[in-house]
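A look at the structure
One-letter residues, chain by chain:
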Amino acid sequence: MKNIYFTIIISLLVLLAASCGGGPDPEPEYGSVTFNLTAKVAGQDIAMNQSFNDQAGGRMKFDQFKFYLSRLELIQEDNSGYPLQLVDLLDFSSAPSYSVTFHNIPAGNYKGLRFGLGLDDSLNALDPSTFGSSHPLSSLTNMYWSWSSKYIFVKLDGYGDSDLSGSFTTFIYHTGLDSLYRELSFTDQPFTLANEQTVVTSFSLDFQDVFYNPSDTIRFWDVNENFTHTTGDFPLAQRFQNNVAAAIKQN
Amino acid sequence: MPAAPFIRQAMLALGISLILSSCRQDDLLRMPMYEPYPLELPPGFPDMPVPDDNPLTTRRVALGKKLFYDPLLSIDSTVSCATCHLQNLGFTDGNRVSEGVHGGLGFRNAPALVNLAWNEDYMRDGGVPTLELQVLAPVAAEVEMGINFKELVDRLNLDPTYPQLFREAFDRDEVDAFGITRALAAFERILVSGNNPYDQYRFQGKTEALNASEQRGMLLFESNELGCTHCHGGFDLRKNGFENNGLYAQYVDSGRTRVTLNPDERGKFKVPSLRNVAVTAPYMHDGSLTDLWQVIDHYASGGKGHPNQSEFITGFTLTTTERTDLYNFLHALTDQDFLQNPAFSEE
C-alpha cells in the first residue's frame with residue numbers, strides 16, 4: 001500500500017515539473033523562401049545561340065553559361081547563417097532563370113542572403129567520382145579540370161563582336177581555382193518571414209554589367225581578352241570572376 | 001545477490017556480441033567481394049598506404065587490369081591506357097610525347113607507372129592528389145582518350161560483361177565513376193617493382209648482384225659530389241616533391257607553376273623514380289633527352305642555370321670509365337620480374 005502512495009506522489013511531482021514552464025509552448029512557425037536568379041543581356045533574358053546587342057554598340061552570342069552557386073544561406077539577426085543549400089550547378093542552356101524554393105524555414109526576421117560564386121576550398125577538394133550521376137558535383141557534369149583535380153566554377157562560351165558591322169570572334173572564359181571563390185552577401189532587403197508564407201528573393205546577372213563593368217571593361221571581342229582557362233591567363237580569369245561577382249544583383 | 005544473474009547475463013551478451021562482431025570481420029574478408037589481393041612487398045619497402053574507400057581486393061585489381069587494357073575507354077575505341085603505358089617499357093611508351101586518339105599529340109612524355117602507391121602527387125606537375133582522381137585525366141583528355149565520363153559510364157553499362165564485374169567488385173548496382181576510378185587505381189597500386197640487381201645488392205644481401213663496374217657506378221650515384229640521391233634517393237629512388245633540374249634556361253612547359261601559378265615553381269617537375277630507367281627512354285617531362293648518356297652529360301654540365309634550378313645541380317667531371325660505370329649502374333635498376341610479371345600483363 002505504501003508503495004502505491006509513493007508512486008502516485010512521484011508521478012504528480014513529475015507532472016508538475018513538466019508543466020512548470022507555464023502553459024504549453026507556442027507552436028513553432030515556418031515559412032518558405034524562394035531563390036530566383038535570371039541571367040540577362042542588356043535587360044533581356046538570356047538565350048543560347050541568339051545574338052544580343054549590348055548598350056555599347058557591340059553584340060554577343062552564347063553557347064553555354066553555367067556556374068556553381070554554393071553555401072546559400074539566410075543571414076539571421078545575429079549574423080549567423082541559416083543554411084538553405086550546400087551547392088547547385090546553375091545551367092542556363094535551356095532556361096534563362098534558376099529557381100528553387102526551400103520549405104520549413106523558421107519564421108522570423110532575416111537580414112538578407114548570402115552565397116558563394118564557385119566552391120570554397122573544402123568543396124573544391126571533393127572527389128567527383130564519389131557523387132551519384134545526378135549530383136551537381138558528379139564527374140558527369142563536365143565541370144572539372146581533371147589535370148589539376150579542381151572544379152570549374154564558371155563556364156562561359158560564346159561569340160563577341162565590338163561593332164555590328166564586324167564578324168563574331170569566339171570567347172571562352174572558364175574560371176576556377178580556390179582563390180577565385182567569391183562570397184557574396186546581400187543585406188539591402190531585410191525581410192520578415194511569417195508563418196506559412198513564402199518570401200521570394202530575386203537576383204539577376206546581366207552580361208552588360210559583366211563585360212562593361214565601369215571600373216574594368218573586359219574586351220570580349222579582342223583576342224587578348226577573350227580567352228582564359230584560368231591558369232593560362234590568371235589575371236583575366238580574376239577580372240572576369242570579379243566582374244561576374246559584381247554583376248549579381250538583388251532585384 | 002539479486003543483481004548477480006543480471007550482470008552475468010549482461011557479460012554473456014557482451015561476450016557473444018564481441019565474438020559475433022569479430023567473426024563478421026573475418027567473414028567479410030573471406031567473402032569474395034572483400035578478398036584481399038595477396039601482395040607481398042619487396043624487402044626494404046615501407047607499408048603501402050591504401051585509401052579507406054579503396055581496399056586492395058582481388059576483384060578490384062582484376063577489374064582494373066581489364067579496364068587498363070581495354071580500348072573501349074577511348075572515344076573511338078582505339079586507345080587504351082596500355083597504348084601509352086606498356087609493361088615491357090616500364091609502363092611508358094617510348095615516344096617523346098604521347099599520341100592519343102585521332103593521332104593527337106600531347107605535350108608531355110608518358111611517365112613510368114611504378115610504385116605509384118607511395119607517391120604523394122601525380123602528373124609531372126603534381127596537379128592530381130590521388131591515383132583515383134588521376135584516372136579522370138587521361139580519359140577526358142582530348143589528346144589521350146577523349147571521352148567524357150558520362151559517355152564512358154553509359155558505354156560500360158551496355159557492355160555484356162562489365163556490369164556484372166562491377167557488381168562483384170563493388171557493392172553497387174551499376175558501372176559508375178566511383179567503380180571505374182577505384183578499380184583502375186587498385187590495379188595501378190599492385191605495379192610494385194623492388195627486385196632489380198641494386199635492390200638485391202642493398203636489401204637482399206646478394207653481393208654478387210652488381211658487377212664491379214655497377215658497384216663503382218653505385219658509389220658515384222650515391223656520392224655527395226654527384227648528388228643524385230638528394231632527389232633520387234630512398235627505397236624508391238625518388239623523393240616526393242618537385243624540382244627544377246636545370247634542363248632549360250627558359251621553360252616552355254611551366255611545370256609545377258601550371259597548377260600553383262607560383263612563378264618560383266617554374267620548371268619544377270615531379271621527381272621520377274629511376275627504377276627501370278634503362279627501358280623508359282626518352283627522358284624528362286618532354287622526352288627531350290634520348291638516352292642515358294645524354295642524361296649523364298646534362299647533369300655533369302651543371303644545368304642551364306634557370307633561376308629556380310636546384311642548388312644540388314652543380315655539375316661534375318667524370319673520367320670515361322666513371323661515366324660508363326654510372327651508365328651501367330643505371331642499367332642495374334632494371335627489374336626483369338616487373339617487366340615480365342604476368343600479373344600485370346594483358347590476359
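Overview of the structure. (Residues numbered from 1 in each chain as written. Chains lettered and ligands numbered in written order. Predicted model: local features only at pLDDT ≥ 70, side-chain atom pairs only at ≥ 80, totals over all residues. Heavy atoms only, no water.)

1. A look at the overall build of chain A
From N to C terminus, chain A includes four helices and 17 strands. Computed over the C-alpha atoms, the radius of gyration of chain A is 25 Å, more than 25% above the 18 Å expected from 2.2 N^0.38 for a compact globule of 251 residues. Projected onto the principal axes, the alpha-carbon positions of chain A cover approximately 100 × 40 × 30 Å. Out of the 251 residues in chain A, the part that is buried amounts to 49%. Counted over contacts in chain A with a minimum sequence separation of 6, partners at least 24 positions apart contribute 71%. Carbon and sulfur atoms make up 52% of the accessible area of chain A, which totals about 12100 Å². (Helix = DSSP H or I, 4+ residues; strand = E, 2+ residues; numbered from the N terminus. Rg over C-alpha atoms; globule rule 2.2 N^0.38 Å. Buried < 20%, exposed > 50% of the residue type's maximum accessible area, 1.4 Å probe, protein only. Contact = heavy atoms within 4.5 Å. Areas by Shrake-Rupley, 256 points an atom, 1.4 Å probe, with all protein chains shown as cover.)

2. Brief notes about the interface of chain B and chain A
Each partner contributes residues to the interface: chain B has 20 residues there, and chain A has 15 residues. Between chain B and chain A, the buried area comes to about 1400 Å², and carbon and sulfur atoms account for 63% of it. The largest share of the area that chain B buries against chain A comes from B:Leu133, B:Arg258 and B:Leu261, three residues that together contribute 34% of it. Here chain B and chain A share one salt bridge between them. Note that B:Arg182 and A:Asp127 form a salt bridge whose closest N and O atoms lie 2.8 Å from each other. In this structure, the connection of chain B to chain A is made through five residue pairs in polar contact (both at pLDDT 80 or more). (Buried area = accessible area lost by both parts, 1.4 Å probe. Salt bridge = Lys/Arg side-chain N within 4 Å of Asp/Glu carboxyl O. Polar contact = N/O pair within 3.5 Å; in protein donor to acceptor, adjacent residues only side chain to side chain.)

3. What about the pairing of strand E4 (residues 59-76) of chain A?
Residue and element names in this part refer to chain A. The element E4 is largely enclosed, with a buried count of 14 among its 18 residues. Across two bridges, strand E3 (residues 52-53) lies against E4 in antiparallel orientation. If you follow Phe52 over to E4, its bridge partner there is Met60. As judged from the eight bridges shared by E4 and strand E9 (residues 150-161), these two strands associate in the antiparallel manner. Each residue of the ladder has a partner; that of Met60, found in E9, is Gly160. Alignment of E4 against strand E5 (residues 81-91), held across nine bridges, turns out to be antiparallel. Following the sheet pairing, Leu74 is matched in E5 by Tyr82. Following E4, the chain reverses through four residues before pairing antiparallel with E5; Asn79 in that reversal takes a positive phi of roughly 75°. Bridge analysis of E4 against strand E7 (residues 108-117) gives six bridges, and the strand direction is antiparallel. Note that in E7 the partner of Leu74 across the bridge is Leu113. (Pairing = 2+ DSSP bridges.)

4. A short note on the nonpolar core
Residues A:Phe35, A:Phe211 and B:Ile180 are the most contacted members of the largest nonpolar core, which totals 119 residues. When sequence neighbours within four positions are dropped, the list of residues in contact with B:Ile180 reads B:Leu67, B:Val135, B:Phe149, B:Leu152, B:Val153, B:Leu156, B:Phe166 and B:Val175. One finds B:Leu220, B:Val277, B:Ile296 and B:Leu326 within the second-largest nonpolar core, a separate group that totals 28 residues. (Core = buried A, V, L, I, M, F, W, Y, C linked by side-chain atoms within 4.5 Å.)

5. Examining the packing of aromatic side chains
Residue and element names in this part refer to chain A. Summed over all chains, the structure comprises 44 aromatic pairs over all chains. Seen from their ring centres, Tyr212 and Phe220 are 6.1 Å apart, and the 85° between their planes marks the pair as edge-to-face. Phe220 matches Tyr212 in its accessibility class, with the two residues each being buried. Measuring from centroid to centroid gives 5.0 Å for Phe220 and Trp221, while their planes differ by 85°, and the two rings are edge-to-face. Of the residues examined, Phe220 reaches a relative accessible area of 0% and is grouped as buried. (Phe/Tyr/Trp six-rings, centres within 6.5 Å; stacked < 30°, edge-to-face > 60°.)

6. Quick look at helix H6 (residues 149-158) of chain B
Residues and elements named next belong to chain B. Along H6, the residues that are buried comprise Phe149, Leu152, Val153 and Leu156. Around the axis of H6, the buried residues are gathered within 100° of arc, so they sit on the same side. Of the surrounding secondary structure, the elements contacted by the buried residues of H6 are helix H2 (58-68), helix H5 (136-140), helix H7 (162-169) and helix H8 (177-189). Sitting at the amino-terminal end of H6 is Asn148, which places a side-chain oxygen 3.1 Å from the backbone nitrogen of Lys150. (Arc of directions from axis to C-beta.)

7. A look at unusual backbone geometry
Leaving glycine aside, a negative phi is the common case for residues, and trans is the common case for peptide bonds. Across the junction of B:Ala281 and B:Pro282, the peptide omega takes the value -10°, indicating a cis bond. Relative to the helices and strands, B:Pro282 is located in the loop between strand E2 (269-270) and helix H12 (292-301). The phi dihedral of A:Ala42 falls on the positive side, at around 50°, and the residue is not glycine. Within the secondary structure layout, A:Ala42 lies in the loop between strand E1 (30-41) and strand E2 (44-45). One non-glycine residue, A:Thr230, lies in the positive phi region at around 75°. On the secondary structure map, A:Thr230 appears in the loop between strand E16 (227-228) and helix H4 (234-247).

8. Remarks on the environment of B:Leu131
Residue and element names in this part refer to chain B. Residue placement: Leu131 occurs in helix H4 (residues 131-134). The exposure class of Leu131 is buried, given its relative accessible area of 2%. On a C-alpha basis, the gap between Leu131 and Ala186 in space is 8.6 Å, while along the polypeptide they are 55 residues apart. When sequence neighbours within four positions are dropped, the list of residues in contact with Leu131 reads Leu116, Tyr122, Ala185, Glu188 and Arg189.

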